[in-house]
Amino acid sequence: MKASDFLKPANREEAELLEKLDAKRLPDHVAIIMDGNGRWAERRHLPRIAGHRAGVKAARGAIETCAQLHLPCLTLYAFSLENWRRPQTEVDFLMRLLRDYLKRELPAIHKNNIRMVFIGRQAQLPEGVRKDITEAMRFTEGNTGMKLVVALNYGGRAELTDAFNALLAEMNEARANGDASSFRADEDSISKNLYTAGLPDPDLLIRTSGEMRVSNFLLWQIAYAEIYVTEALWPDFSRARLLEALIEYQKRERRYGGLGAPRARAGTSGHAETADRESRAGGTSRPARG
Ligand code: FPP
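Quantities reported herein were computed from a predicted structural model and do not represent experimental measurements. (Residues numbered from 1 in each chain as written. Predicted model: local features only at pLDDT ≥ 70, side-chain atom pairs only at ≥ 80, totals over all residues.)

(A) Layout of the site of the ligand. Residues in contact with the ligand amount to 18 residues; listed here are only the nearest, N37, G38, R39, G55 and A59. Only helix 2 (37–43), helix 3 (48–68), strand 2 (73–80) and helix 4 (88–111) provide two or more residues apiece to the shell around the ligand. Per-class residue counts for the shell around the ligand are 10 nonpolar, six polar and two charged. (Near = placed C-beta within 6 Å. Helix = DSSP H or I, 4+ residues; strand = E, 2+ residues; numbered from the N terminus. Nonpolar A, V, L, I, M, F, W, Y, C, P; charged D, E, K, R; others polar.)

Spelled out as structure tokens, the structure:
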């Protein structure tokens, strides 16, 4: 099974990259820190918002490519808890951009069998945004193809804090029922209380614009993720750049703290890669645009 069976290359560069990609060893979950919109705009003497607009286009491309490759899960870091520190006009623009994106793209996302999930502290989002994301999740909740997770008003430490508080509430309830003696937190109960409960942990974390930071993103979940940092600014993160990241991922030897048997090459170990790509490839409607 070749990657080019799913993805038609638009040019020679993509065709050459697709030749190098093993469709059977793709990650189950790719998470992306989309960085560099502002610098992209600055270099063109454009306002920062032009960079964000170009960033939406890049996001659309990445979503489309990942869906066409039948990846089970893609997470995009769209707005962090720290991003409220930006000028109000930029924050307002980013919220508007997301709402416009949903209005325009939701029908195609749905048609491509993509399920949208939003993670983050939604209660602090503007009412209109809350309404739109709730509607997007409801509209696509029956879809069985790729899960598109958008981290919005998200912070990794806040997520862990929320999980610990949920566990404390569980413990208090058990105590009230006279049943708390055996209550213990473990990795499983913490994972189940994260916003990402039920999703696989990311296998590959991509960060654009060259910064070597994880920026409070999925702190628990990226414990064993392969990290790929590219100098490309997010608006320049084309399909070819994404294919390069996937090819690099397939060269990595994933060890999970062990000694790295040959079978632990990225995409082949039994750790997180559980889905059967062959059946996945045949099992969903053919994605076009999302
Ligand atoms: C970082 O660029 C990017 C963001 C703050 C996130 C905004 C993301 C988009 C507009 C993409 C849209 C996503 C979806 C799901 C529609 P930056 O402003 O931090 O760049 P800089 O570091 O160069 O200033």
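(B) Quick look at the sheet that holds strand 5 (residues 204–207). Ordered by their spatial adjacency, six strands build an open sheet running 3-4-2-1-5-6, and the pairing between neighbours is parallel. Both edges of this open sheet fall to strand 3 (115–119) and strand 6 (226–229), since each of them pairs with a single strand only. For this sheet, the mean angle separating the axes of adjacent strands, direction not counted, is 20°. The pairing of strand 1 (residues 29–33) with strand 2 spans five bridges and is parallel. (Pairing = 2+ DSSP bridges. Axes fitted to C-alpha atoms, helices over the stretch in contact; angles between N-to-C directions.)

(C) Summary view of the packing of helix 4 against helix 5 (residues 127–140). It is the contact of helix 4 with helix 5, at a shortest axis distance of 10 Å, that shows an interaxial angle of 15°. When the interaxial angle is binned, helix 4 and helix 5 end up roughly parallel. Helix 5 is crossed by helix 4, and the crossing has left-handed handedness. Of the residues in helix 5, those touching helix 4 at M95, L98, R99, L102, L106, I109 and H110 are G128, V129, D132, A136, F139 and T140. Among the residues forming the contact of helix 4 with helix 5, the class breakdown is eight nonpolar, three polar and two charged. (Parallel < 35°, antiparallel > 145°, perpendicular 65-115°, else oblique. Left-handed = near helix turned anticlockwise from the far one by under 90°. Contact = placed C-beta atoms within 7 Å.)

(D) Region of the structure containing helix 3. Under the 1.5 Å per step criterion, the end-to-end length of helix 3 is 31 Å for 21 residues, consistent within 8% with the ideal 30 Å. All buried positions along helix 3 are accounted for by G51, H52, G55, V56, A58, A59, A62, I63, T65, C66, A67 and Q68. On its buried face, helix 3 is in contact with strand 1, helix 2, strand 2, helix 4, strand 4 (147–154) and helix 8 (239–251). H70 sits one or two positions beyond helix 3 and adopts a positive phi of about 60°. (Expected span 1.5 Å × (residues − 1). Buried ≥ 20, exposed ≤ 12 C-beta atoms within 10 Å, placed from the backbone.)

(E) Inspection of the pairing of strand 1 at higher detail. Counting buried positions along strand 1 yields five of five residues, so the element is predominantly enclosed. Every second residue of strand 1 is oriented toward a common face, with H29, A31 and I33 on one face and V30 and I32 on the other, all of them buried.

(F) Layout of helix 5. For helix 5, spanning 14 residues, the distance from its first C-alpha to its last is 20 Å, which sits close to the expected 20 Å at 1.5 Å a residue. Buried within helix 5 we find V129, D132, I133, A136 and T140. Summarising the axial view, the buried residues of helix 5 lie within an arc of 95°, below the 170-degree limit, and thus occupy one face. Exposed side chains of helix 5 directed beyond 90 degrees from the buried face belong to E127, K131, T134 and R138. Against the buried residues of helix 5 lie helix 4, strand 3 and strand 4. (Arc of directions from axis to C-beta.)

(G) Main features of the pairing of strand 3. Of all five residues making up strand 3, five are buried, and the element is well covered by its neighbours. Here strand 3 shows two buried faces, one formed by R115, V117 and I119 and the other by M116 and F118. Relative to strand 4, strand 3 runs parallel, the two sharing five bridges. Bridged to F118 within strand 4 is V150. Assessed by its sense of winding, the connection that carries the chain from strand 3 through helix 5 to strand 4 is left-handed. (Right-handed = clockwise from strand over helix to strand, strands pointing away.)

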